[in-house]
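Here's the letter readout for the chains.
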Amino acid sequence: MGRKLQRAPKVSSTPTPNDVSWLLQQGVGYHQSGNLALAAECYDQVLSRLPGQADALHLRGVVYHQNGDHTRAVDLIGRSVKTKPNNAEAQSNLGAAMTASGDLDGARCAFQQAVRLNPCFLDAQANLAALSVRQGRDADAIKGFQRAHELKPDEGRFMKRLADLYLKTGQF
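Residues numbered from 1 in each chain as written. Predicted model: local features only at pLDDT ≥ 70, side-chain atom pairs only at ≥ 80, totals over all residues. Heavy atoms only, no water.

What follows concerns the overall build of the protein. Looking only at helices and strands, the protein features nine helices and zero strands. Mapped from its N terminus to its C terminus, the protein presents α and β elements in the order α-α-α-α-α-α-α-α-α. Among the 172 residues that make up the protein, the fraction classed as buried is 41%. For the protein, restricting intrachain contacts to residue pairs at least 6 apart in sequence, the fraction spanning at least 24 positions comes to 45%. Accessible surface computed for the protein: about 9,600 Å², of which carbon and sulfur atoms make up 52%. (Helix = DSSP H or I, 4+ residues; strand = E, 2+ residues; numbered from the N terminus. Buried < 20%, exposed > 50% of the residue type's maximum accessible area, 1.4 Å probe, protein only. Contact = heavy atoms within 4.5 Å. Areas by Shrake-Rupley, 256 points an atom, 1.4 Å probe, with all protein chains shown as cover.)

See below:
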C-alpha cells in the first residue's frame, strides 16, 4: 500500500501578513521535524509572493545548505542579512554556508558578526573557534573555546579542544 505524498498548503495569490506568517510557521514546523522538502515549499511560497522576505530567504538558504547546495545557501542567506543585519542566527548560518563553500574569510566575518550581536550564542562562538583552528589562528581558537566553555561548562568537547590547543601551543 503506497503512501500519498504530502504537499505544502497553498494560500491565496494575494498574501496577507497572516498568510506569510502562517506559511513561515508551517515551514519552520516542517523544518524542525526534518521534512526539508515541505519546509522548502512553504518558504518558496512566501518568496514567490514577497521575494525580499528576510526570514524566508534565511530559512530557505538553510535548507539549501542542509541539502549541500552551499552556493545557493550563501546567496539567499546573504540577501537575508543585507535586509536584517542584526539577525545573529542568520549571520551564523551564513558563516556555516560560507565555510562549506570554502569562503573562510567571509565565514569568519559572519561568525564574528553573530557573536557581536549575541555574545551568548554558543553555536556561533564554537563555529568561530573551530574556524580559527582551521585557519591556524590558535590564540583566537583558544579564546573562542574558552568562551564556549564558559557558556556551556558541561560540554566536554570544548575542554577537549582546549586541551588539544594547549598541548599544540605548549601552554600546559
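A few words now on the pattern of salt bridges. Note that side chains of opposite charge can pair when their charged atoms are close. Per the counting criterion, the structure on display carries 10 salt bridges. In this structure, the salt-bridge partner of Asp75 is Arg79, at a minimum N-O distance of 3.7 Å. Of this pair, Asp75 and Arg79 are both found in helix 4 (residues 70-83), four residues apart, which corresponds to roughly one turn of the helix. When its relative accessible area of 41% is taken as the criterion, Asp75 is described as partly exposed. You can call Arg79 partly exposed: its relative accessible area is 35%. Across the pair Asp164 and Lys160 runs a salt bridge whose closest N-O atoms are separated by 2.9 Å. With Asp164 and Lys160 both in helix 9 (residues 156-169), this residue pair falls four residues apart, about one helical turn. Residue classification places Asp164 among the partly exposed positions, given a relative accessible area of 38%. Here the residues in one salt-bridge network are Lys152, Glu155 and Arg157, joined through shared partners. (Salt bridge = Lys/Arg side-chain N within 4 Å of Asp/Glu carboxyl O.)

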